[in-house]
Amino acid sequence: MSANTEQSIMDSEGAEPVPGAPLLEVKDLFVEFRTRDGVSKVLNGVSYHVEAGETLAVLGESGSGKSVTAQTIMGILDMPPGHIMGGSIKFHGEELLKASDKRRREVRGSGIAMIFQDALSALNPVFTVGFQIEEQLRLRKGMSRKDARARAIELLDLVKIPGAKRRVRQYPHEFSGGMRQRAMIAMSLALDPEMLIADEPTTALDVTVQAQIMDLLKELQVERNMGMILITHDLGVVAEVADRIAVMYAGRIVEQSDALSLYRKPGHPYTKGLLESLPRLDQRGQELMTIKGLPPSLLKIPTGCPFHPRCPMVQDVCKTDVPPQHRLMPGRMSACHFAEELISE
Amino acid sequence: MGRYVLRRLLQLIPVFIGTTFLIYWLVWSLPGDPFAGKCGDRPCPEAFVAAMTAKFNLGDPVVVQYGKYMMNLLQGDFGITFSGISVGDRIATAYPNTIRLALVALAIEAVIGISAGILTGLRGRGFLDNLVLVTTLFLISLPVFVTGFVLQIVLGFELGWIKTTVSESPAPWGQLIVPGFVLGSLSMAYVTRLTRSSIAENRRSDYVRTAVAKGLPQSRVVGVHLLRNSAIPVITFLGTDLGSLMGGAIITEGIFNIKGIGNLVYRGILSKEGVIVTGVVTLLVMVYLLSNLIVDMLYAVLDPRIRYD
């Protein structure tokens, strides 16, 4: 995998790529939401990076900040109430947070594209699927109506929508859930992005359809050597497609690792809890493990390690000291005071 | 769509018969002698009453009278008044004035209402939003005759900017601006609020976020994706409103002395000219039913999720 990754960095082409810079690098991102109830600290120093051709899965419960990170990368965060308090987002080494509105708009769609959880509400109900794919081609690439239509049909074919010629004239509500998500993917690929952010792309779908969509995403990603951020709370989805995994909790990354090592030996009690709460066929009849308690309110994040009120391994130090990012091995880190012990258990 | 329209048109028949019969029956069965005061101070001569009773089928039961009236009406004959004036002619001279007034009112509603709604809907809370909310609340709480008389007195008598009455027929467009504003003020306030809430609701919707994520310019996100969706309830409201505006405005036409259909029906009621009242009201029922049908079809055109079949 790593050799492949290095290869793709060298191959990647951008507006003004900085040699050796990762495709996307998020560093120490801080975001807060100022609401009437107070200041909600949604992101508290999030850092991750994605290379071309690589899939990073971002795992976490609702409210852990995984979607907010993605929205900040795309520049579609609602501001207000959102405020970016610090950090950096570099695409090909270019700082996006300092880029002009015009430049950011250029990056959207053609540099980084995004697909959303609920394709029914994410697609505009009053325009045909074709129109919504074509408008980017016409506005951004200056294509004629006819060429854009032809390209839209090609894209629908690409995502394996049967009868693309007919489908292109239909409205989103005339599509089934899975087909709608495929159309959404086709739309996101219209400008040939180098990077795709998939925000819970299969959450609203049936299990069988979920697998088809994930396969499609994986296939397209490999074919086009795209970098992909897959946001999900479903560990089952992650296992098959992710190269690396970042686990988020209360607006922080608590563990980052390659997928295999993480499944084999989680380096954070929260990850361990998540893995243990997966139903397993070889443990039928046994009670399912759960992580006790609820995710903390972001208005009042616990002192020390934010996970300590729910942690089975909690010690006194966890209540007072914020754990640093322990580098466990190259490419693997955990924000737990006892990460080494967990790994060597 | 075709079958739906046909079904709706068929549905119009019983509604049309029901409403017009009710009107006919109400007008002609009103207590009081239709010939009272028609012949100066003296009661009308027997011969006149007998002739008129025969001419207007007043001797028949109401249902038969109604049937005969409708048969004539379907052939385009609105009948004549007691004094021998053709009701059709009266309507033909009055209706253009009402249509003009309705169009002016609708234009004012649409232009001011939608612009104010879009502006406040996009900007959210703030001075402008509060100003518009208070103004619209003010307009909604004021009865039309108050707005009408106040504007007539202030702009007409005190400042002399406008003519206080519009006596010409057909009424000149310029003179209809203030009456149009009076007539449209209430709906204008509703249009403003409807647009505002519709824009504010859709502004944060997922598909607007998608449009931004696609890298579309702000003007296109708002002008195409946001407006197209927010316009659906507003346009249907305006359509329905045009239907009722076409029905004439008794109060506004009365205040500004516009010789429209509202004025005609009002005078018809006062002078117990049953033929005028039934004729005009029948026409209005038809206009209203048809405009409702058009609005329903427009709704399906605007929102592809709605399909009639």
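Residues numbered from 1 in each chain as written. Chains lettered and ligands numbered in written order. Predicted model: local features only at pLDDT ≥ 70, side-chain atom pairs only at ≥ 80, totals over all residues.

## Details of the overall build of chain B
To keep things clear, this is the line we draw: The secondary structure listing takes helices from DSSP runs of H or I that are at least 4 residues long and strands from runs of E that are at least 2 residues long, numbered from the N terminus. Every C-beta atom is placed from the backbone, and the number of other C-beta atoms within 10 Å of a residue's own sets its class: buried at 20 or more, exposed at 12 or fewer, partly exposed in between.
The secondary structure content of chain B amounts to 12 helices and 0 strands. For chain B, the succession of helices and strands along the chain, N to C, is α-α-α-α-α-α-α-α-α-α-α-α. Taken over the C-alpha atoms alone, chain B extends approximately 85 × 55 × 30 Å along its principal axes. Across the 309 residues that make up chain B, the buried fraction comes to 33%.

## Here's the deal with the interface of chain B and chain A
Keep this limit in mind: We call two residues in contact if the C-beta atoms placed from their backbones are at most 7 Å apart. Just so you know the grouping, Ala, Val, Leu, Ile, Met, Phe, Trp, Tyr, Cys and Pro go in nonpolar, Asp, Glu, Lys and Arg go in charged, and all remaining residues, Gly too, go in polar.
On the side of chain A, 23 residues touch chain B, which itself brings 19 residues to the contact. Counting only elements with at least two residues in the side of chain B that touches chain A, the list comes to helix H8 (206-213) and helix H9 (218-245) of chain B. For the side of chain B that touches chain A, the element with the most residues is H8(B), which contributes 6 residues. For the side of chain B that touches chain A, the per-class residue count stands at 6 nonpolar, 5 polar and 8 charged.

## Observations regarding the sheet that holds strand E11 (residues 326-329) of chain A
All names here are of chain A. Put simply, the rule reads: A strand pair is defined by DSSP finding two or more bridges across the two strands. Here the axes come from fitting lines to C-alpha atoms, over the contacting stretch only for helices, and the angles between their N-to-C directions go from 0 to 180 degrees.
Taken together, 8 strands build an open sheet; the order of strands is E6-E7-E8-E3-E9-E10-E12-E11 and the sheet is mixed. Where the open sheet ends on each side, the last strands, each with one partner, are strand E6 (112-115) and E11. Taking each pair of neighbouring strands and ignoring which way they run, the sheet shows an average axis angle of 20°. When E6 meets strand E7 (residues 195-199), the two strands line up parallel, connected through 4 bridges. Note on E7: the bridge partner recorded for Ile115 is Ala198.

## Comments concerning the nonpolar core
Residue and element names in this part refer to chain A. What counts here: As used here, a nonpolar core is made of buried Ala, Val, Leu, Ile, Met, Phe, Trp, Tyr and Cys residues. They are joined through C-beta atoms within 7 Å. As annotated, the domain borders come from an automatic or database domain assignment.
Leu156 and Ala183 are the most contacted members of the largest nonpolar core, which totals 97 residues. Of all the elements, helix H8 (residues 177-189) adds the most residues to this core, at 7 residues. Counting contributing residues per domain, this core is built from domain 1 (2-110 + 196-205 + 219-277 + 286-294) and domain 2 (112-190), each supplying no fewer than three. When sequence neighbours within four positions are dropped, the list of residues in contact with Leu156 reads Ile161, Ala164, Arg167, Val168, Ala183 and Ala186.

## What about unusual backbone geometry?
Residues and elements named next belong to chain A. The residue Asp192 is not glycine, and still its phi comes out positive at about 50°. Considering the arrangement of structural elements, one finds Asp192 in the loop between H8 and E7. Asp192 sits in the exposed class, given 12 other C-beta atoms within 10 Å. Phi angles above zero are rare outside glycine, and Asn225 is one such case at about 50°. With respect to the secondary-structure elements, Asn225 resides in the loop between helix H9 (207-224) and strand E8 (227-232). Among the residues examined, Asn225 registers 17 C-beta atoms within 10 Å and is labelled partly exposed.

## A look at the UniProt feature "domain: ABC transporter" (unreviewed entry) in chain A
What counts is decided by this rule: UniProt positions are given in the numbering used here, feature names are shortened, and annotations may be inferred rather than shown by experiment.
In the UniProt entry, the feature "domain: ABC transporter" (unreviewed entry) is given for residues 24-275 of chain A. From the first C-alpha to the last, residues 24-275 of chain A spans 28 Å; its make-up is 42% helix and 28% strand.

## Thoughts on the sheet that holds strand E1 (residues 24-35) of chain A
All names here are of chain A. Spatial strand order, E2-E1-E4-E5: 4 strands in an open sheet with antiparallel pairing. Only two strands of the sheet have a single partner each, and these edge strands are strand E2 (38-50) and strand E5 (94-95). In terms of strand pairing, E1 meets strand E4 (residues 82-91) through 8 bridges, oriented antiparallel. The residue bridging Leu24 from the neighbouring strand is Phe91, located in E4. Contacts from helix H2 (residues 66-74) reach E1, E2 and E4 within the one sheet, and its direction differs from that of E1 by about 110°.

## Let's talk about the packing of helix H4 (residues 87-123) of chain B against helix H11 (residues 261-270) of chain B
All names here are of chain B. Note the following rule: Note on angle classes: values under 35 degrees are labelled roughly parallel, values over 145 roughly antiparallel, values of 65 to 115 roughly perpendicular, and the remainder oblique.
Relative to each other, H4 and H11 sit at 135°, their axes nearing to 7 Å. On the basis of their axis angle, the class for H4 and H11 is oblique. For the pair H4 and H11, the contacting residues are Arg90, Ala94, Tyr95 and Thr98 in the first and Ile261, Gly262, Asn263 and Leu264 in the second. Residues of the contact of H4 with H11, tallied by class, amount to 4 nonpolar, 3 polar and 1 charged.

## Topic: the packing of H8(A) against H9(A)
Residues and elements named next belong to chain A. This is how it is decided: In a left-handed crossing the near helix is turned counterclockwise from the far helix by less than a right angle, and in a right-handed crossing that turn is clockwise.
Contact geometry of H8 with H9 gives a least axis separation of 10 Å together with a crossing angle of 15°. By the angle between their axes, H8 is roughly parallel relative to H9. For the element pair H8 and H9, the recorded crossing hand is right-handed. Of the residues in H9, those in contact with Gly177, Gly178, Gln181, Arg182, Ile185 and Leu189 of H8 are Val209, Gln212, Ile213, Leu216, Leu217 and Leu220. For the contact of H8 with H9, a count of residues per class yields 7 nonpolar, 4 polar and 1 charged.

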